[in-house]
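# Overview (structure and organization)
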Amino acid sequence: MLRIPLSQSRGRMLRAAPHARFSSSLAHPKLATHLRTHTCGDLTASHIDQQVKLCGWAQNIRVLSDTLVFVQLRDAYGSIQLLAEQSKVGDFEKQKRVLEQLNPDTLIGVQGTIVRRPEATVKQDGAGEIELLVDNIEVLNHTESLPFSPYIKEKLPGEDVRLAHRYLDLRRPELQRNIRTRSKATMAIRSFMDENGFVDIETPTLFKSTPEGAREFLVPTRIDPGSCYALPQSPQQFKQMLMAAGFDRYYQIARCFRDEDLRADRQPEFTQVDVEMSFIAKADIQDLMERLIQRVWSEVRGIHVKAPFRHISFTEATNKYGSDKPDTRFGLEIAQVPELSSPADHAIAEILVVPNGANIFSSKELAPLADLIRNSQSNCESRFTSIHKVSRGTVTGLNKATLLARHQAASPAADLSSILASLHVSDGDLLFVSERSSYVTPANTTLGRVRSLAAKMLQAKGELDIPKDAFNFLWVEEFPLFTCEEDDAHGRLSATHHPFTAPVPEDLPLLYTDPTKVHGLHYDLVLNGVELGGGSIRVHDPAVQKYIFKEILKLPQEIQASFNHLVTALGHGCPPHGGIALGLDRLIAILTDSASLRDVIAFPKSANGRDLFMKSPAQATPAQLAEYGIKVIPKTE
């Protein structure tokens, strides 16, 4: 390390100014070390005239004159201005030359006295009212030219460049705050769970491949050529085994893995707060989660969250908001129109009214909504959707293909005025009219997507106020236990969530006669249009579980056999149980108001699933492949 004594003459350190005092008792009790007594963020006007030691990165080095040098010192907790004056420093010229040659972000240690800045300077640049009058400076590590500065927001490079130098990107104050917030929230969760009698149990990372829906990461092993472990998509089966083992309150901050296509709210590896309890009803775990959310929001954001949360059925959520994870901070509710519906075709007609939308948006501005509708229709989220404007009591755009026009053609005496009146439609309103299947899978309907995009467009124009500090938590319940895989009532059934969810007790007889009408004891926790987590009361009767596997889901025999361990455990005195998993990454993204999960994970994967910093995944060598008995088959175009 290069030492640069600024208050030194002929190698001897001068004593601190008479008015300065140094006391280790003044140091931050947790962050003080031999090299520093405080952090830059600790210091306030109460430290004036005290001598301190700081460590950090030198920035914005300014030589204002032959006798005056300023340096901005930043660490993970804040920044402070350093001041070196010729009249107060021995061998100033030599030290000035050294300071001038420092690259930005050179790591230095300094010792000096906290002094008050001139009042005029404080008002002029808006900085703090204190600065450090330097007695001694020590270069801890020289810095080469950086690929980018993490502190100049306007000059940040693209995300791929920042991910390739993630250690620099993590110096950004926003990411420092996010990662520290994550730590604080995780500690609040652990403390709460411990206080409520839960046992933190780690489950294996090397699991086996199971048909739980998502694509898995396989891990080959030399034990048996051709055999593979699988990384767990969740600890679901293990935590149910723990209930059978008598650990009636389990939790884990669990790492999970899914080899899926990525987007802003997905990562191939993610973290969830995994919880399971025995001898409970649905209300027990919902009450626990509400109290957990209250604790986290209180400790991290200082916000009191009101409980109990609102409860809403899946049918109401999809009918009224067009989504199984609705944002209820604003209106724009969808209305079903029985007069236009065709029950014989298993069709529902519905209308979304955007008040004054025809006057707010030009035809050009409606193009994104039209594109969204086309894409949604191609994904079978509706059969037909049209856009209409209301002008002078007349609905425009009634060509033959539209639902409204077909209604009038089928019933010449039909008058649209009664329908419009029931929806309180006025001149200048914008209408989105849609027909969809009555068999909705848990997702968005076309009008649900239109509702979300229209709200964003209205908000951008200042026509809709959605408060950022509004936290509308709700439980979405009464999901269908099974979902038709095709767009009719006779398609093959799949588990709406997973095959271990128990049916609502009153629907149990329907399990054997009409399983499409069975509702499950599943519950999703939703916040402002984001699914924070989901859970359910589990099947604990082995006969019911086997029946679901074999007769309803019609799983192949080999797949049923892969669950034998679970069915066997259920038959060995497994208590009634249920649980939930909260997405920790999403929770932190909401707490920190981050647009992407990559902003709340220390070392995330890029949008295409790669670690640009560690350069992974990487090609295995021929020797490694041979050792595991693996042959690579090139992709065919």
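Everything in this summary refers to the structure shown in the same document.

Parameters and conventions
Residues numbered from 1 in each chain as written. Predicted model: local features only at pLDDT ≥ 70, side-chain atom pairs only at ≥ 80, totals over all residues. Heavy atoms only, no water. Axes fitted to C-alpha atoms, helices over the stretch in contact; angles between N-to-C directions. Helix = DSSP H or I, 4+ residues; strand = E, 2+ residues; numbered from the N terminus. Parallel < 35°, antiparallel > 145°, perpendicular 65-115°, else oblique. Left-handed = near helix turned anticlockwise from the far one by under 90°. Contact = heavy atoms within 4.5 Å. Nonpolar A, V, L, I, M, F, W, Y, C, P; charged D, E, K, R; others polar. Salt bridge = Lys/Arg side-chain N within 4 Å of Asp/Glu carboxyl O. Buried < 20%, exposed > 50% of the residue type's maximum accessible area, 1.4 Å probe, protein only. Pairing = 2+ DSSP bridges. 1 Å grid on protein atoms, 1.4 Å probe; cavity = no way out; pocket = protein on both sides within 12 Å on 5 of 7 lines; lining within 4 Å. Points joined across faces, edges and corners; volume = space filled by probe spheres on them. Polar contact = N/O pair within 3.5 Å; in protein donor to acceptor, adjacent residues only side chain to side chain. Expected span 1.5 Å × (residues − 1). Core = buried A, V, L, I, M, F, W, Y, C linked by side-chain atoms within 4.5 Å.

## As for the packing of helix α7 (residues 282-301) against helix α17 (residues 584-591)
The N-to-C vectors of α7 and α17 enclose an angle of 45°; their axes lie 11 Å apart at closest approach. Between α7 and α17, the crossing angle belongs to the class labelled oblique. Of the two elements, α7 crosses α17, and the hand of that crossing is right-handed. Note on element contacts: α17 touches α7 through Leu587, Ile590 and Leu591, opposite Ile293, Val296, Trp297, Val300 and Arg301. Of the residues belonging to the contact of α7 with α17, the class tally is 7 nonpolar, no polar and 1 charged.

## So, the pattern of salt bridges
By the definition in use, this model includes 31 salt bridges. Across the salt bridge formed by Asp274 and Lys239, the nearest N and O atoms sit 3.0 Å from each other. Of this pair, Asp274 sits in strand β13 (residues 269-278) while Lys239 is found in helix α6 (residues 236-244), placing the two residues 35 residues apart along the sequence. The same class applies to Asp274 and to Lys239, which are both buried. When the shortest N-O distance is used, the salt bridge between Asp593 and Lys468 registers 3.5 Å. Placement of the pair is Asp593 in the loop between α17 and α18 (622-627) and Lys468 in the loop between α13 (446-460) and β20 (473-477), with a sequence separation of 125 residues.

## Structural notes on the sheet that holds strand β9 (residues 199-200)
Within the open sheet, the 8 strands sit side by side as β9-β12-β13-β25-β24-β23-β20-β14. Their pairing is mixed. The sheet terminates laterally at β9 and β14 (310-313), the two strands that pair on one side only. Strand direction decides the pairing type here: β20 and strand β23 (residues 522-527), joined by 5 bridges, are antiparallel. Note that in β23 the partner of Glu477 across the bridge is Tyr523. Along the sheet, helix α5 (residues 173-195) makes contact with β9, β12 (249-257) and β13, crossing β12 at roughly 150°. Each of β14 and β20 is contacted by helix α8 (residues 314-321), which is oriented at about 85° to β14, the strand it contacts most.

## So, the packing of helix α10 (residues 367-378) against α13
A pair of packed helices is captured by two measures, namely the crossing angle of their axes and the spacing between those axes. Remark: α10 packs on α13, axes separated minimally by 10 Å, with the N-to-C direction vectors making an angle of 160°. Judged on the interaxial angle alone, α13 and α10 are roughly antiparallel. In the packing of α10 onto α13, the handedness of the crossing is right-handed. Together, Pro368, Leu369, Leu372, Ile373, Ser376 and Gln377 of α10 and Thr446, Arg449, Val450, Leu453, Ala454 and Met457 of α13 make up the contact between the two elements. Within the contact of α10 with α13, the residues separate by chemical class into 8 nonpolar, 3 polar and 1 charged.

## A closer look at the layout of surface pockets
Empty space within the second largest pocket amounts to approximately 1,300 Å³. For the second largest pocket, the lining is made up of 32 residues, of which Phe217, Leu218, Asp259, Pro617 and Ala618 are closest to its centre. If you list the elements that add at least two residues to the lining of the second largest pocket, you get β10 (218-220) and α18. Top contributing element to the lining of the second largest pocket by residue count: β10, with 3 residues. Of the residues that constitute the lining of the second largest pocket, the class distribution is 17 nonpolar, 5 polar and 10 charged.

## Re the side chain of Ser594
With respect to the helices and strands, Ser594 occurs in the loop between α17 and α18. For Ser594, a relative accessible area of 15% puts it in the buried group. A distance of 2.8 Å separates polar atoms of two side chains, one belonging to Ser594 and the other to Thr592. When residues no more than four places from it in sequence are discounted, the contact partners of Ser594 are Asn178, Ala589, Asp599 and Val600.

## Let's talk about α5
An α-helical turn contains 3.6 residues, so any two residues separated by three or four positions project in the same direction. Taking 1.5 Å of rise per residue, the 23 residues of α5 would be expected to cover 33 Å, and the 33 Å separating its terminal C-alpha atoms lies within 8% of that figure. Within the span of α5, buried status applies to Leu175, Asn178, Thr181, Arg182, Ala185, Thr186, Ala188, Ile189, Phe192 and Met193. Contact partners of the buried residues in α5: α4 (166-169), β12, β13, α7 and α17. Phi for Gly197, located one or two positions after α5, is positive at around 80°.

## Details of α7
Compared with the 28 Å implied by 1.5 Å per residue over 20 residues, the 28 Å span of α7 between its first and last C-alpha is a close match. Every buried residue of α7 is accounted for by Ile285, Gln286, Leu288, Met289, Glu290, Leu292, Ile293, Arg295, Val296, Trp297 and Val300. Trailing α7 by a residue or two, Gly302 shows a phi angle of about 65°, which is positive.

## Brief notes about the environment of Leu458
Residue position: Leu458 is located in helix α13. Here Leu458 falls in the buried class, since its relative accessible area comes to 7%. For the pair Leu458 and Val354, spaced 104 residues apart in the sequence, the C-alpha separation amounts to 9.5 Å. When near neighbours in sequence (up to four residues on either side) are disregarded, Leu458 contacts Leu332, Val354, Ile360, Phe361, Glu463 and Leu464.

## Quick notes on the pairing of strand β6 (residues 78-85)
It is a general feature of regular strands that their side chains alternate between the two faces of the sheet. Here strand β5 (residues 68-75) pairs with β6 via 8 bridges, running antiparallel. Paired with Phe70 across the two strands is Leu83, which belongs to β6. Hairpin connection between β5 and β6: a loop of 2 residues separates the two successive antiparallel strands.

## A short note on the sheet that holds strand β18 (residues 394-395)
Overall, antiparallel pairing links the 5 strands, which are arranged β15-β16-β19-β17-β18 in an open sheet. This sheet does not close on itself; its edge strands, each paired only once, are β15 (334-336) and β18. With 8 bridges joining them, strand β16 (residues 347-354) and strand β19 (residues 430-437) adopt antiparallel strand pairing. Bridging across to β19, Ala347 finds its partner in Ser437. In this fold α8 packs onto β15, β16 and β19, with an angle of close to 105° to the strand it touches most, β15.

## Section: the nonpolar core
Residues Val275, Val296, Trp297 and Phe473 are the most contacted members of the largest nonpolar core, which totals 63 residues. Looking at this core element by element, the count peaks at 8 residues for α7. Leaving out residues up to four positions away in the same chain, Phe473 has contacts with Ile293, Trp297, Val305, Phe309, Arg310, Leu525, Val526, Leu527 and Leu532. Counting residues in hydrophobic clusters, the runner-up holds 23 residues, among them Ile114, Leu132, Val134 and Val139.

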